[in-house]
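Geometric and topological summary
Single-letter residue listing:
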Amino acid sequence: MTFRFDNSYARDLEGFYVDWPAAPVPAPRLLRLNRPLAEELGLDPDLLEREGAEIFSGRCLPEGAHPLAQVYAGHQFGGFSPQLGDGRALLIGEITDRAGRRRDLQLKGSGRTPFSRGADGKAALGPVLREYLVGEAMHGLGIPTTRALAAVTTGEPLLRQEGERPGAILTRVAASHIRVGTFQFFAARSDIDRVRRLADYAIARHYPELASAPEPYLAFYEAVAEAQAQLVARWMLVGFIHGVMNTDNMTISGETIDYGPCAFMEGYDPGTVFSSIDLQGRYAYGNQPFILAWNLARLGEALLPLLDADAVRAADKANSVLETVGARYQGHWMAGMRAKLGLAGAEEGDAQLAEDLLEAMRGQRADWTLTFRRLADAVTDAGTLRPLFRDAAALEAWLPRWRARLAPDAAERMRATNPIYIARNHRVEEALAAAHAGDLAPFDRLLEVLADPFSERADRELFAVPAPEGFDDSYRTFCGT
Ligand SMILES: Nc1ncnc2c1ncn2[C@@H]1O[C@H](COP(=O)(O)OP(=O)(O)OP(=O)(O)O)[C@@H](O)[C@H]1O
Ligand SMILES: [Mg+2]
């Protein structure tokens, strides 16, 4: 199988990684191949079905692969870790997809590297399949994301908190794996030359039009702020909780990365947290826009020496971008919310209208996804919407105000914007438990549903239903490390 590798990161950024081989695995088996993605990448899915176990386990990498572990640093839960890096992952190379876009191929779970910090460098089957599912769910929703090309089992059992678990490796495809934390690694060492080289590389790869801007690094910072603000707004609009928005988990490309303890919110509550390690609720649903700005401030700090030779002027420039983050986020959120609500044009009171709906939902266990979906029915009749609320009085008072603002074809437009299917926690868990017992049918079925989340079908009815009452209250997600 030929992969036309062109490994620019390895070639241009020596000193930003270490060459490293995948650890041997005893009995690799290709569990799932993402055939549509393989096609998109210009790879032959039939050949990959045959050779995938060897390739995606790292046992027999295709010619031209250059396996390496990237270094990075990062603020984790607010505290700075100066030395992180791919502790259980390897970039194996870059290929150009059919649309001409450069994509990274990475193995996640491929064994210890110099950055493993005492952990085993491996990934267990459950977290690998979760990342596969949720990444594809996000893709189905049209949200920028890293994606799974394949999942293999390694034949090696791993010891995890929950007991022994099958080892697995995810092959991940990304626009790149450059993180806010990649910049922080070199900035923390005052290696300004490497911060600049990384910025030049990232500009050329992700924002080539900025190379000729009057101040390319400032324009780059602004472009990343814009991409991340848009991304987090998209998360918020579908009720997605990333769960571990450390600066090493925020990409420069604006793609979602690291589906560790992520989950979708069901009943609307801004304080919703599912991650077992997020004890303070730092990464709660409603905090995500603030963390976006906090993380961008850290990127700004790392870029300061590039913005201006004068420290005060550099800080002023960084602040001039940082000050725009709230408005950028709000702009994207509001545009998305207008579409979700089916509003005609834009009016000043729209933000209040949206806030008042959220206020009516709060404390009602009103399911985020279904409320917006059923709102399309409520253009004419609120009969399917009302039962989602314990007490619909506030909703009833809100509906006439909303109806007065509707676009002529609102219901149809709303159904194209508000998904009926999301990766509901109990469905994800059910699919993972079955896979663990050797049955991938529920995984496949869920994946199929999530690939097309806007078209409602009678035979998929159960996938739209929220978890049984109480499920989410005790539901916890783990990083699986
Ligand atoms: N099992 C493991 N063995 C070694 N290192 C690990 C393991 N799990 C996580 N790490 C390392 O801990 C750090 C933080 O982990 P985090 O969960 O954010 O990332 P990840 O899920 O491993 O990878 P990514 O961000 O690439 O999706 C990273 O440097 C990661 O490589
Ligand atoms: Mg991570």
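Residues numbered from 1 in each chain as written. Chains lettered and ligands numbered in written order. Predicted model: local features only at pLDDT ≥ 70, side-chain atom pairs only at ≥ 80, totals over all residues. Heavy atoms only, no water.

Take the overall build of the protein next. In terms of helices and strands, the protein carries 17 helices and twelve strands. In terms of C-alpha radius of gyration, the protein reaches 23 Å, essentially the compact-globule figure of 23 Å for 481 residues. Here the protein holds 481 residues, and the buried ones make up 58% of them. Across the protein, every contact between residues at least 6 apart in sequence was considered, and the portion connecting residues at least 24 apart equals 72%. Entry remark: accessible area of the protein is about 18900 Å², with carbon and sulfur atoms responsible for 52%. One finds the centroid of the 52 positive side-chain charges in the protein at a distance of 1 Å from the centroid of its 65 negative side-chain charges. (Helix = DSSP H or I, 4+ residues; strand = E, 2+ residues; numbered from the N terminus. Rg over C-alpha atoms; globule rule 2.2 N^0.38 Å. Buried < 20%, exposed > 50% of the residue type's maximum accessible area, 1.4 Å probe, protein only. Contact = heavy atoms within 4.5 Å. Areas by Shrake-Rupley, 256 points an atom, 1.4 Å probe, with all protein chains shown as cover. Lys, Arg positive; Asp, Glu negative; His and termini not counted. Charge placed at Lys NZ, Arg CZ, Asp CG, Glu CD.)

In the numbering used here, UniProt assigns the "active site" (unreviewed entry) feature to Asp248. Relative to the assigned elements, Asp248 resides in the loop between strand E11 (240-241) and strand E12 (263-264). Excluding residues that lie within four positions of it along the chain, Asp248 makes contacts with Tyr72, Ala73, Gly74, His75, Gln76, Leu84, Arg179 and Gly181. (UniProt positions renumbered as here; feature names shortened; annotations may be inferred.)

Only Asn249 (OD1) and Asp258 (OD) from the protein reach the magnesium ion (ligand 2) as donors, at distances of 2.1 to 2.2 Å. Of the residues examined, Asp258 reaches a relative accessible area of 16% and is grouped as buried. (Donors = N, O, S within 2.8 Å, 3.2 Å for Na, K, Ca; no water.)

The next point concerns the pattern of salt bridges. One side chain can pair with another of opposite charge once the charged atoms of both are near each other. If you walk through the whole model with that rule in mind, you get 52 salt bridges. Asp367 is paired through a salt bridge with Arg424; the nearest N and O atoms lie 2.8 Å apart. Placement of the pair is Asp367 in the loop between helix H11 (350-361) and helix H12 (368-375) and Arg424 in the loop between helix H14 (410-417) and helix H15 (425-436), with a sequence separation of 57 residues. This pair shows no difference in class: Asp367 is buried, exactly as Arg424 is. With a closest N to O distance of 3.1 Å, Asp459 and Arg457 form a salt bridge. One connected set of salt bridges, linked through shared partners, spans Asp6, Arg11, Asp12, Glu94, Arg102, Asp104 and Arg205. (Salt bridge = Lys/Arg side-chain N within 4 Å of Asp/Glu carboxyl O.)

All chains considered together, the criterion is met by 19 aromatic pairs. Ring plane angle 75° and centroid distance 4.9 Å describe the contact between Phe185 and Phe186, whose orientation is recorded as edge-to-face. With respect to class, Phe185 is no different from Phe186; both count as buried. Summarising the aromatic geometry, the rings of Trp398 and Trp402 are spaced 5.6 Å apart at their centres and angled 10° between planes, so their arrangement reads as stacked. You can see Trp398 and its partner Trp402 sitting in helix H13 (residues 393-403), four residues apart, about one turn around the helix. Trp402 matches Trp398 in its accessibility class, with the two residues each being buried. Each residue in the set Trp235, Phe240, Tyr259 and Phe264 is aromatic and connected to the rest through ring pairs, giving one cluster. The ring of Phe185 has Arg189 sitting right over it, with the charged end atom 3.6 Å from the ring centre. Residue placement shows Lys340 over the ring face of Phe372; its charged tip is 4.6 Å from the ring centre. (Phe/Tyr/Trp six-rings, centres within 6.5 Å; stacked < 30°, edge-to-face > 60°. Lys NZ or Arg CZ within 6 Å of the ring centre and 35° of its normal.)

This paragraph deals with the environment of Gln184. Within the element layout of this structure, Gln184 appears in helix H5 (residues 180-188). When the C-alpha positions of Gln184 and Leu198 are compared, they lie 11 Å apart, and in sequence the two are 14 residues distant. With residues near it in sequence (within four places) discarded, Gln184 still touches Ala73, Gly74, His75, Phe80, Thr247, Arg298 and Ala302. Polar contacts involving the side chain of Gln184 include one to the side chain of Thr247, which spans 2.6 Å. (Polar contact = N/O pair within 3.5 Å; in protein donor to acceptor, adjacent residues only side chain to side chain.)

Core analysis: the largest hydrophobic core is formed by 133 residues, its most contacted members being Phe183, Leu375 and Trp402. Considering each element in turn, this core owes the most residues, 17 residues, to helix H7 (residues 216-238). Leu33, Phe56, Ile92 and Ile95 belong to the second largest nonpolar core, which has 22 residues in total. (Core = buried A, V, L, I, M, F, W, Y, C linked by side-chain atoms within 4.5 Å.)

Before going further, it helps to spend a moment on the side chain of Asp97. Structurally, Asp97 can be placed in the loop between strand E6 (89-96) and strand E7 (102-108). Within the structure, the side chain of Asp97 is placed 2.9 Å from the backbone nitrogen of Ala99, a separation counted as a polar contact. A distance of 2.7 Å separates the side chain of Asp97 from the side chain of Arg103, its partner in a polar contact. Excluding residues within four positions of it along the chain, Asp97 makes contact with Glu40, Leu41 and Arg103.

On to unusual backbone geometry. At Phe77, a position not held by glycine, the phi torsion is positive, near 50°. Of note, Phe77 is situated in the loop between strand E4 (74-76) and strand E5 (79-81). The phi torsion at Asp258 lies on the positive side, around 70°, for a residue other than glycine.

What follows is about H11. Spanning twelve residues, H11 covers 17 Å between terminal C-alpha atoms, matching the ideal 16 Å at 1.5 Å per step. Looking only at H11, the buried set comprises Asp350, Leu353, Ala354, Leu357, Leu358, Ala360 and Met361. Taken end-on, H11 shows its buried residues confined to a sector of 160°, consistent with a single buried face. Against helix H10 (325-341), H12 and H13 lie the buried residues of H11. (Expected span 1.5 Å × (residues − 1). Arc of directions from axis to C-beta.)

Quick look at the UniProt feature "binding site: Mg(2+)" (unreviewed entry) in the protein now. When the UniProt feature table is mapped to this numbering, "binding site: Mg(2+)" (unreviewed entry) covers Asn249 and Asp258. Turning to its location among the elements, Asn249 is positioned in the loop between E11 and E12. Once residues lying within four places of it in the same chain are set aside, the contact partners of Asn249 are Arg179, His242, Val244, Ile257 and Asp258. Side-chain polar atoms of Asn249 contact the backbone oxygen of Val244, separated by 3.0 Å.

Further remarks concern the pairing of E6. Successive side chains on a regular strand alternate, one facing one side of the sheet and the next facing the other. Most of E6 sits inside the fold, with seven of its eight residues counted as buried. Inspection of the sheet shows E6 paired to E7 by seven bridges, in the antiparallel sense. What sits directly across from Gly93, in E7, is Leu105. Joining the antiparallel neighbours E6 and E7 is a turn of five residues, in which Gly100 adopts a positive phi near 85°. (Pairing = 2+ DSSP bridges.)

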